[in-house]
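Examination of the molecular architecture
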Amino acid sequence: MCKYAVGLMSGTSLDGIDAALVKIKGSGENTEVELIEFVNLDMPDYIKKEIKRCCGVEESNVELICSLNFKLGYIFADAVKEVCKRANFPIHKLDFIGSHGQTVYHIPADKQGSIKSTLQIGEPAVISYETGTTVVSNFRVMDMAAGGQGAPLVPYVDYILYKSDRNRALQNIGGIGNVTVIPKNCTVDDVFAFDTGPGNMIIDEVVQRLKGVKYDKDGYLASQGRIIENMLRELLDIPYIQKKPPKTTGRELFGSQFVDELLIKWKNKRDVDIIATVTAFTAYSIYENYKRFIFDKYDIDEVIISGGGSYNKTLISMIKNLLPNCKVFILEDLGFSSDAKEAIAFAILANETLNGICSNVRGATGAKQRVVLGNITPSKKIFRGNNI
């Protein structure tokens, strides 16, 4: 029996809201998915500013988070309506929505005064009410309750869709970079994954500040610069790059404050050289993690790159040069959409939740056991006729 769903993703890069309308058949390793329509909607500038304020401990406050939680709920609901409208698909025929939500803070390990925890906002009750559809959300928390780091979560979907008779590394480059290693002919328990470090987050922030544009289209600005070698060495000395998996990171480490300090320290350098260097930082952080934590276990045959970073030609060229013994593809080379990948993933994860299937990967998050992810917010359709 086929079901229709929308997957929603709003990532750490804040470059927009992804909504994928899909047809799903089956569940678990028998899952089949077909993309019907995909939209990427710009995040309003005032919302971006509020998210960045929420993510920074200096400016965040409970009133801001409380209000933004509902604002994002309405924006996510509008994204669902828009993708259905573009597909000419009646929204009342949707079976469910899977929403990752917007991460505003993530503490992957205990630290002084805080225990490991995570917070994604974008109120699912608002999405459910506005669309009349059941919503699955808050995917990270059950994994953390089971002792994991709550991320990355897409490796389960990577395993379902991309397992093969070759050793594959699926490298996503969104705001943060993350890799899923899928050994040939493996089971889900053989899969491991982790965040490699920054993806587009630092590049985009630097480009916005120095050039007043949202991102470095095709990597053109980086291609005009020269790498500042001592700056790159300092960036690669950041402890996270050498930290052993499981590990996850986000805006709390590589966000606005990080860029503030970077631009103050290197303010006398040419803009394009700084852009070239932070682009190289993303490429080298991927390489260093592969060298330290993957190549000692597997000879990787194929590296498949997805996410917004896959369109940065300079970044892809750097990665190919650093990985000469691997075939490096972008997801489009395999007939899939880089843009839609993560939104599709959360539709699939929601389907697993509704079928009671565990969908975390212990080798990715470090959880003590596999668990069913996500909270379910039932739609108003369920209560019609019950005088509730």
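Residues numbered from 1 in each chain as written. Predicted model: local features only at pLDDT ≥ 70, side-chain atom pairs only at ≥ 80, totals over all residues. Heavy atoms only, no water.

1. Description of the overall build of the protein chain
Counting its regular elements, the protein chain contains 15 helices and 13 strands. In terms of overall dimensions, the protein chain has a C-alpha envelope of 70 × 50 × 45 Å along the principal axes. The contacts of the protein chain with a sequence gap of at least 6 include a subset with a gap of at least 24, amounting to 70%. Only carbon and sulfur atoms are counted for the fraction: they give 49% of the accessible area of the protein chain, which is about 16,900 Å². (Helix = DSSP H or I, 4+ residues; strand = E, 2+ residues; numbered from the N terminus. Contact = heavy atoms within 4.5 Å. Areas by Shrake-Rupley, 256 points an atom, 1.4 Å probe, with all protein chains shown as cover.)

2. Points about the sheet that holds strand S9 (residues 176–182)
The five strands lie next to each other as S10-S9-S8-S11-S12, forming an open sheet whose pairing is mixed. If you trace the sheet from one side to the other, it starts and ends with strand S10 (192–198) and strand S12 (327–330), each paired once. Each neighbouring strand pair of the sheet contributes to a mean axis angle of 20°, computed without reference to strand direction. In the sheet, strand S11 (residues 302–306) pairs with S12 via four bridges, with the strands oriented parallel. Bridge assignment links Glu302 to a residue of S12, and that residue is Lys327. Across the sheet, helix H5 (residues 155–162) lies against strand S8 (168–173), S9 and S10, angled at about 45° from S9, the strand it touches most. (Pairing = 2+ DSSP bridges. Axes fitted to C-alpha atoms, helices over the stretch in contact; angles between N-to-C directions.)

3. Overview of the sheet that holds strand S13 (residues 375–377)
With mixed pairing, the six strands of this open sheet are ordered in space as S3-S2-S1-S4-S7-S13. Strand pairing shows two members of the sheet lacking a second neighbour, strand S3 (32–41) and S13, which therefore form its edges. Across the sheet, the mean angle from the axis of one strand to that of its neighbour is 20°, orientation sign disregarded. Where strand S1 (residues 2–9) lies against strand S4 (residues 96–99), four bridges are found, and the strand directions are parallel. In the strand pairing of S4, Ala5 is matched with Phe96. Across the sheet, helix H3 (residues 124–131) lies against S1, S4, strand S7 (135–137) and S13, angled at about 160° from S7, the strand it touches most.

4. Concerning the environment of Gly212
By the element assignment, Gly212 lies in the loop between helix H6 (201–211) and helix H7 (220–223). Taking C-alpha positions, Gly212 is 39 Å from Gly148, a pair spaced 64 residues apart along the chain.

5. Overview of the side chain of Thr365
The topology assignment puts Thr365 in helix H15 (residues 362–365). Among the polar contacts listed, one links the side chain of Thr365 to the backbone nitrogen of Ala367, at a separation of 3.3 Å. For Thr365, the contacting residues outside a window of four places in its chain are Asp143, Gly148, Gln149, Gly150, Ala151, Pro152 and Pro246. (Polar contact = N/O pair within 3.5 Å; in protein donor to acceptor, adjacent residues only side chain to side chain.)

6. Thoughts on the packing of aromatic side chains
For any two aromatic rings, the description comes down to two numbers: the centre-to-centre distance and the angle of the planes. Going through the model one piece at a time under the given rule, you end up with nine aromatic pairs. Between Phe254 and Phe258, the aromatic rings sit 5.4 Å apart at their centres with planes inclined by 65°, giving edge-to-face as the arrangement. By the burial criterion, Phe254 is buried, and Phe258 matches it. An aromatic cluster is defined as three or more aromatic residues linked by ring pairs; in this entry it consists of Tyr240, Phe254, Phe258 and Phe281. Sitting over the face of the ring of Tyr240, Lys247 holds its NZ or CZ atom 4.5 Å from the ring centroid. Here Lys297 stacks its cationic end above the ring of Phe192, 5.6 Å away from the centre of that ring. (Phe/Tyr/Trp six-rings, centres within 6.5 Å; stacked < 30°, edge-to-face > 60°. Buried < 20%, exposed > 50% of the residue type's maximum accessible area, 1.4 Å probe, protein only. Lys NZ or Arg CZ within 6 Å of the ring centre and 35° of its normal.)

7. With respect to the nonpolar core
Membership of the largest hydrophobic core comes to 49 residues, with the highest contact counts inside it found for Leu262, Phe281 and Val303. If one sorts the elements of this core by residue count, helix H12 (residues 271–293) sits on top with nine residues. With residues near it in sequence (within four places) discarded, Leu262 still touches Met231, Leu235, Ile274 and Val278. Of all hydrophobic cores here, the second largest spans 39 residues; its members include Ile24, Phe38, Phe139 and Ala347. (Core = buried A, V, L, I, M, F, W, Y, C linked by side-chain atoms within 4.5 Å.)

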